[in-house]
Each structure stands twice: as C-alpha cells, then as structure tokens.
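Chain by chain, the residues:
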Amino acid sequence: MTSSTSVPAPARRTRGRSKTANWRRPEQVAVIALELDVSADSVMRRRVEQHWSAVFRLRRALQRDARNACTAYLAAHRERETGYKAVLARLGLSRKGVEARAKTHAEDSGWMRDHLTKATGLHVADEVWETCDRFLFPDRTGKRFGTPQIGSWWNFARIPGRARSHTKTQPTWETYRLVGTLQGHLDTYSTTPGLSVDQAIVAAAGASVLTQPKHLTAPSRPPRTWWDHTGALAVVYTGLPGGDLVLPVRLPQGAGQWPRLAHFLADPNLWHKIDLVRVRDRHAPGGWRYQAHLVILGHGWTSPAVAAARAAAPLDRCAGVDGNVSNIAIASFPNPGDYSGVVLTSRVTITGEQRAVTEREAHKARGRQRALDRSRRANNTSQYRLSRKQQARAQRRAAAGLEPKQVTTPGGARHANGAGVPKRAYRRDALSRRYQQIRADHAAASAAAAHRKACYARDTARAIVATHGPNLVTEDVSIRTWALRWGRGIAAFSPGIMLAALTAECETAGGRMSKASTWTTALSQHCVCGARAKKALSQRTHSCGVCGFSGDRDIVSALLAATVTHGACGKDGTPDPKTAYINHAVRVHAHQLVTAGHVQNIPVTGNESPVGTAQQEGPDRSTVHHNPTPAVLAIGEDGSHTVAPAGQGERPALSRNRPHRQQSRTRGWRWGRRRNRRTSHTPTKHESAHADL
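By convention here, each chain's residues receive numbers from 1 onward along its written sequence. pLDDT decides what is reported in this predicted model: residues at 70 or higher carry local features, side-chain atom pairs at 80 or more are listed and counted, and totals for whole chains, interfaces and linings draw on all residues regardless. Hydrogens and water molecules were not included; the side-chain quantities draw on all heavy atoms of the structure.

## Focus: the overall build of the protein chain
Point 1. What counts as a helix is a DSSP run of H or I of at least four residues, what counts as a strand is a run of E of at least two, and both are numbered from the N terminus. Broken down by element type, the protein chain carries 18 helices and 20 strands.
Point 2. The cut-offs for exposure are 20% and 50% of the maximum accessible area for each residue type, with area from a 1.4 Å probe on protein chains only; residues under the lower value are buried, those over the upper are exposed, and the others partly exposed. In the protein chain, buried positions account for 42% of the 693 residues.
Point 3. By definition in these notes, contact holds between two residues if any of their heavy atoms fall within 4.5 Å. Counting contacts in the protein chain only where the partners sit at least 6 residues apart, residues at least 24 apart contribute 70% of the total.
Point 4. Total accessible area computed for the protein chain in this model is approximately 38800 Å², and 51% of it derives from carbon and sulfur atoms. Computed with a 1.4 Å probe, the accessible areas rest on the Shrake-Rupley method; for each residue, only the protein chains presented here act as cover.

Here you go:
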C-alpha cells in the first residue's frame, strides 16, 4: 500500500496592487465648443434624438428614486440615532447603490439598451449621486443642499462623457470620442489644395480657409477601428446594437479662428473628455443644435495681443475699484515712495447706445412674454377666470337677454385654492407649437444679451488691468440687495458681471481682486486727507471742507480703496474683508499726489482704451480736483456738509418690492410704486465748476 502526499492547490493569482502612481488630472483644463452637423442624415438625427430621450428617461428615473430615498432618510430620524450608516445602506444611498439602480432600470426597460451604453448609464448615475452627496453630507463650510430635484426635458441640455484613459498606450474612450485630425479636416475641405495647419495659422485675417458644404456627411468607418481614421473630424459613439453614432464636426471657416483651433485640436494627446450638449434653436432641423464640448489638458488659447497687454500690466501700482448700480470707478497711484507718477482715474458707465439697446431688448422681451401669456390662456381657457371687463360685458348681455359670448382668451387670474396655489400645475397645460417657437426665440434672445454683456465686461476688464494693474481692492457688497432696490438699473449696466470679469482677469494676469468690508472702512464717508466726510446717498459729489478736495464721489471712494490693507487672510488664503482698514501711510502718499495735481483720467472703454473696446467714454479731463481755497460752506463737526451740494438726482427710493403710499387729489392715499433715483429720466442739475477749472 503506497501512501501519496496531497499537493495543495495553487493559490489564485491576482493582479495585485499597482506599482505605479495613479494618474491625476491637472488643475488647468480648457474647453472648446465644436458644432455638430446632423442635418444631412435624417436617420442619424433621429437616432441622436432617441439617444437623448433614453438618457433623459434614465436620469429622471434615478432622480425620482434619489428624491424618494432622501425623503425616507429624513423620516427615519429614530433609526438614524442608532446609526446613520445602516439607514444609508438600507436605502441604497451610495454611489454603488445608485449605479445598481441605473443597471436595473436599463435592463427592465428592454428598449433603453438600444440607445445608450452601460458606461453612459453609470456616468449619469454618478451625477445623480453627487446631488445626494451634497444633500447628505455638509461641505467645508458646513452647508448642505436640498433634496435632489427632478429636471425637465427643456432644461436637460448636457450628457456627460467619460474621460479617456491616459495610462494606456492605445487611447481608450468609453463614451463619446473625437476621431480624425485637424490636418485631415483641412485636407478634406480646404480652399487651397495641400494647405498645412501652420500655413492656415499665418493666413491673412478675413481669408477663407475651409469650404464646408451646407450639409456635412458623416465619414465612413475604417476597416479595422475608428483610431485608423485620419480624415475629417467627427464625434463617434460606439457600442449600440444599431451601429455607431457618427456626428461630423463643422469648424469655423475664417482664417482668424485657426490659431485657436490649432491650440485645441492639433495635438490629440491633449484631448481629455467630450460632453454632448444641445442648444434650443427652432430654425435647426429637429429644433435643436448639437455641440461637442471638448476638454483638453492645459490652458486655454490667448491671443498675442492680450498676452502682451497682460505682460505689460503695471505691478507697482495701488488700485481700487468702486462698484455701483450704474457705473464702476477705478483709481490707482504708484506705490509709496514714488512721487514721480500720477494718479490715474477711469470710469465705466452705461452709454447712450447701450441704454438704447437695452431698452429695445426689454421692449421685445415684454412683447414675447405677452404673446406667451395670451397663447397659454387661449389653449387653457378652463384654468383662468374672466377679467372684470369680460364679466361686466357678460352681465350686460345677460340682462339684455342675449346669448353669452364665447371668450377665447380669458383675462382674469388663474383658478387657485385658498392658499393661492393653482389647482392645476402649469406643466400640465396644453402648449401650442407657436408657444414653443416664441419660447425658443425668447431663450435665444436672452442668451444673446447675456453673451453680449459678458464679452463687453471681459474686454473692459482687460483694459482696466492693463492700465491700473492686476492688484485691485473693492468693497464687499451684495449685488442681490442692489437688485431688490434698483432692478432696472442693475439689468441695464450689470455691475455683477463686470466685477466678476474683473476678478477673473486679475487672477489670470497674476494678481488678485481683494474685498474690503464697508463697516471697517466706510470709503464713501472719508476724504483722502483723513477727515470723515459724511454724505447722503443722493450726494454724488465729494467736497471736503477741511482740505478743499473735491471730485466725483465714486472716484474718491475708488482712490481710498487703493489705500486699504488687510490684517489677516481666511482659510483659503484670500484676504479677510473683515480685517480691512485704511492704511494712513498709503493714504498720505495718495493725498500728496493729488495735492500736487498729478491726476489724469484714462478711458478704459472706446477707441482710446488699451484694448479698444467698442464703447466711447465721456470727457478725458480728470474727475477729481484739489482746491486749496475752499468755498464758504457750512461744515459739521465731523467735516461733513450740513447742506448737500446741488442735486445729483432724486432722493433714495425704497425697495422696488415695497409699495409706497402716494396721495391722489381724487382718491386720497393710494398704494403705488415710485420711480427710483437710478432709473429716473429727469435731467440732474450739476454743480458749478471750481475756480481752478
């Protein structure tokens, strides 16, 4: 009998821990929007629409599940006291739990898998989980967000894509991928045969480089894989049973765009991720325009002129900004110790041309809104009451024995319960095709107006930084509070957009836009000499009875903002606005420069600005002056005038959301709205010039 020793089974071989460091995306990325043309192939356009519909339905189902789970988590307060993790696990409130729900919805539907891939479903689930995460757990500031909401079809404008792998030798894209090359696109549609990308970059401005047809056709799939395609650019979505989605890319045809296109598209190794975006356009086939937002690793493109202006921005100046409802004032002077420089002042305000454009856009917007209201009322007559005039006419016809007249467009209020909530939700209303067209036009006009304001703010911010430097100080104010009081003035000038663009430009140029608390500085209530000059809001001219300094109130506030110093920084490294104070040594230096008459006004808008923005500024003379022999005025104990100078507008009005009581000759006191100072068209009386002017 022979005994045999048992040999243990070999252990299961696993991959083990990776020896290489994990790849991390750099902080600096840039995005370019590429237009996709689906007008040539109606079948492909229909498949794209079905793809969007499938992703929206999956996203809506996940949002509904997430909202119900979060509501149940709030209700289980006793169970959460013993252990909240067990409640989260029971409700499936985790990333894996939401991804499992996405898989279940895709499998149970039966048809959804024909229009989207598993990777897209998981990525949509990750986005829904982010809303749950912001609701369940606080951020660094201890703030939580509300429960996840269910989005609408019209607001669904972006399908996120998965980033490509940067650690593999062969590029791997799980969702949307960009195939082709920029040179291949140029070879396919170039106006000059054999034109290279480098030659297209240096082509004369205004010349046409490409001749793309009105309807682009999708490129054919190579025999092996899409990575072998080196022709025209296209966005491809693979993994569907019905075949690949191939969306051709339409590039700008002018020569002026090619330096920017080459920066984003010349090197495929920088391509990181593609998100599919749609824009409402009723003139496009199907009512939507589609775009591919390509994310690249690295910084965005900057023109040589802008780069030169940023490099030449002065770094040895103290600059301040005073933002208001209808204008922005900027003032700067050399650093303490330099008495050879001058005080530069600038002012950005709304021009007559801009005001006319704003009023014209507002008039058109009101017309579209009235048309939308009439269309909704005409298609949902049972949800609205009759107006008083319509009711009176119906009573007169009934008293005369006439048949009641059918009202096609009721003008009264909507039927609601005792709490004022409509009995039927607005989303249940029947909307006509004309209503949808007007709504699309209204959204397009609003987007165009916002884009115009953003471009103007960006160009103006570049001119300000090029003149006054990238280190600015401004007051820590709330634009939202201003909007409640001066709504129309805010909408016309948009100071929030201007200040946001100025902050971004300062950071891009290597500086910083610091904020100072109005409580600790009170810039508008001080003079450059140090005296406190208390002024009412209606007084727009500063006149000091101590030193004789006079000038525009906003310019003086900006000049004092340049003298502000911060005592400490916050957790994120930015200066704390609460620790801001006026540095008296810097203030004395600024006062000496102004006293010596070294003041010059520099326009930052118009043809004379450093970057040549499109609007024209006012007079070029200085807006601050020093009068060593002040006029005889009544001076208070704190240096303020007991009587304000000549009127600079009406007295401040109350909030626009707060009614005012006005007296009528016939009806006595009545409730109404008073025109505020910022939007008044009454010509203001200007103060007479001083003797030294």
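## Here we look at the state of the cysteines
Here, disulfide denotes a covalent bond that connects the sulfur atoms of two cysteines.
Point 1. Only a pair of cysteine sulfur atoms within 2.5 Å counts as a disulfide in this structure description. On inspection of all chains with the given rule, the structure shows zero disulfides.
Point 2. Free cysteine: Cys70, not disulfide-bonded; nearest cysteine sulfur from Cys132 at 4.2 Å.
Point 3. Overall, the relative accessible area of 0% leaves Cys70 in the buried class.
Point 4. The thiol of Cys529 is not disulfide-bonded; the next cysteine sulfur, from Cys547, is found 3.6 Å away.
Point 5. The exposure class assigned to Cys529 is partly exposed, which follows from its relative accessible area of 22%.

## Some details on the sheet that holds strand β7 (residues 288-297)
Point 1. The seven strands lie next to each other as β2-β6-β7-β1-β5-β4-β3, forming an open sheet whose pairing is antiparallel. Of all strands in the sheet, those bounded by a partner on one side alone are β2 (158-159) and β3 (176-179).
Point 2. Where strand β1 (residues 29-36) lies against β7, eight bridges are found, and the strand directions are antiparallel. Bridge assignment links Ile32 to a residue of β7, and that residue is Leu294.
Point 3. Interaxial angle, 0 to 180 degrees, is taken between N-to-C directions of lines fitted to C-alpha atoms, where a helix line uses only the stretch in contact. Helix α1 (residues 42-75) rests against β2, β3, β4 (234-237), β5 (245-250), β6 (271-280) and β7 of the sheet, and its axis sits at about 110° to β5. Pairing between strands is defined by DSSP: at least two bridges between them are needed.

## Observations regarding the environment of Ile328
Point 1. Here Ile328 lies in strand β9 (residues 327-334).
Point 2. Residue class for Ile328 comes out buried when judged on its relative accessible area of 1%.
Point 3. Through-space distance from the C-alpha of Ile328 to that of Phe493 is 9.7 Å; in sequence the pair is 165 residues apart.
Point 4. Discounting chain neighbours no more than four positions away, the residues touching Ile328 are Val321, Asp322, Gly323, Ser346, Arg347, Val348, Phe493, Pro495, Met498 and Leu499.

## Notes on the nonpolar core
Point 1. Residues Leu34, Leu93, Leu178, Leu251, Leu265 and Leu294 are the most contacted members of the largest nonpolar core, which totals 70 residues.
Point 2. Here the element with the most residues in this core is α1; it accounts for 12 residues.
Point 3. In this structure, Leu93 is in contact with Ala69, Cys70, Tyr73, Leu88, Trp129, Cys132 and Leu136, ignoring residues within four places of it in sequence. Here, nonpolar core refers to any group of buried Ala, Val, Leu, Ile, Met, Phe, Trp, Tyr and Cys residues whose side-chain atoms link them within 4.5 Å.

## Section: unusual backbone geometry
Point 1. Unlike most non-glycine residues, Ser494 shows phi in positive territory, near 55°.
Point 2. Among the structural elements, Ser494 can be located in the loop between α14 (487-493) and α15 (495-508).
Point 3. Exposure remark for Ser494: the relative accessible area of 10% places this residue in the buried category.
Point 4. Phi is positive for Ala522, which is not a glycine, with a value near 50°.
Point 5. We classify Ala522 as buried; its relative accessible area is 15%.

## What about the pattern of salt bridges?
Note on pairing: side chains with opposite charge can pair once their charged atoms come close.
Point 1. A carboxyl oxygen of Asp or Glu within 4 Å of a side-chain nitrogen of Lys or Arg is what we treat as a salt bridge. Scanning the model with the defined rule gives 24 salt bridges in all.
Point 2. Salt-bridge contacts for Arg46 lead to Glu49; the nearest nitrogen and oxygen are separated by 3.6 Å. Of this pair, Arg46 and Glu49 both sit in helix α1, three residues apart, which is roughly one turn of that helix.
Point 3. Note on Glu49: relative accessible area 23%, which makes it partly exposed.
Point 4. One salt bridge connects Glu174 with Arg162, and the closest N-O pair in it is separated by 4.0 Å.

## Comments concerning helix α12 (residues 433-468)
Point 1. Between its terminal C-alpha atoms α12 stretches 52 Å, which fits the 52 Å expected from 36 residues at 1.5 Å a residue.
Point 2. Residue Gly469 follows α12 closely and has a positive phi angle near 100°. The span expected for a helix works out to 1.5 Å for each residue beyond the first.

## A look at the sheet that holds β9
Strand pairing within a sheet occurs via backbone hydrogen bonds; the two strands may be parallel or antiparallel.
Point 1. Strand order in the open sheet formed by six strands is β12-β11-β8-β9-β10-β17, and the pairing between neighbours is mixed. Since the sheet does not close on itself, it has two edges, and those belong to β12 (512-516) and β17 (599-601), each with one partner. Strand after strand, the sheet turns through a mean of 25° between neighbouring axes, direction not considered.
Point 2. With seven bridges connecting them, strand β8 (residues 317-323) and β9 associate as antiparallel partners. Bridge pairing in β9 places Gly323 opposite Ile328.

## Overview of the pairing of strand β14 (residues 549-552)
Point 1. In terms of strand pairing, strand β13 (residues 541-543) meets β14 through three bridges, oriented antiparallel. Among the inter-strand pairings, Ser543 is bridged to a residue of β14, identified as Ser550.
Point 2. Counting the residues in the hairpin turn of β13 and β14 gives five residues, including Gly548, whose phi is positive at 85°.

## Describing a positive patch on the surface
Point 1. The patches described consist of residues with a relative accessible area above 30% and no salt bridge, like charges being joined within 9 Å and nonpolar side chains (Val, Leu, Ile, Met, Phe, Trp, Tyr) within 5 Å. Under the counting rule used here, the positive set is Lys and Arg, the negative set is Asp and Glu, and His together with the chain ends is not counted. A single reference atom marks each charge: NZ on Lys, CZ on Arg, CG on Asp, CD on Glu. Taken together, the side chains of Arg366, Arg370, Arg374 and Arg488 define a basic patch exposed on the protein surface.
Point 2. Looking at which element gives the most residues to the positive patch, the answer is helix α10 (residues 352-379), with three residues.
Point 3. As for its placement among the helices and strands, Arg370 is situated in helix α10.
Point 4. Residue Arg370 is classed as partly exposed on the basis of its relative accessible area, which comes to 44%.

## What about the side chain of Thr117?
Point 1. Examined against the element boundaries, Thr117 turns out to sit in the loop between α4 (95-109) and α5 (118-136).
Point 2. Polar contacts involving the side chain of Thr117 include one to the side chain of Tyr237, which spans 2.9 Å.
Point 3. Among residues more than four places away in sequence, those in contact with Thr117 are Tyr237, Thr238, Gly239 and Leu240. Residues adjacent in sequence count toward polar contacts only when both atoms are side-chain atoms; beyond that, a polar contact is any pair of N or O atoms within 3.5 Å, and within protein one must be able to donate a hydrogen and the other to accept it.

## Looking at helix α17 (residues 553-561)
Point 1. Burial of α17 is extensive: nine of the nine residues sit out of reach of the surface.
Point 2. Two or three places before Asp554, at the opening of α17, Asp552 has a side-chain oxygen 2.9 Å from that residue's backbone nitrogen.

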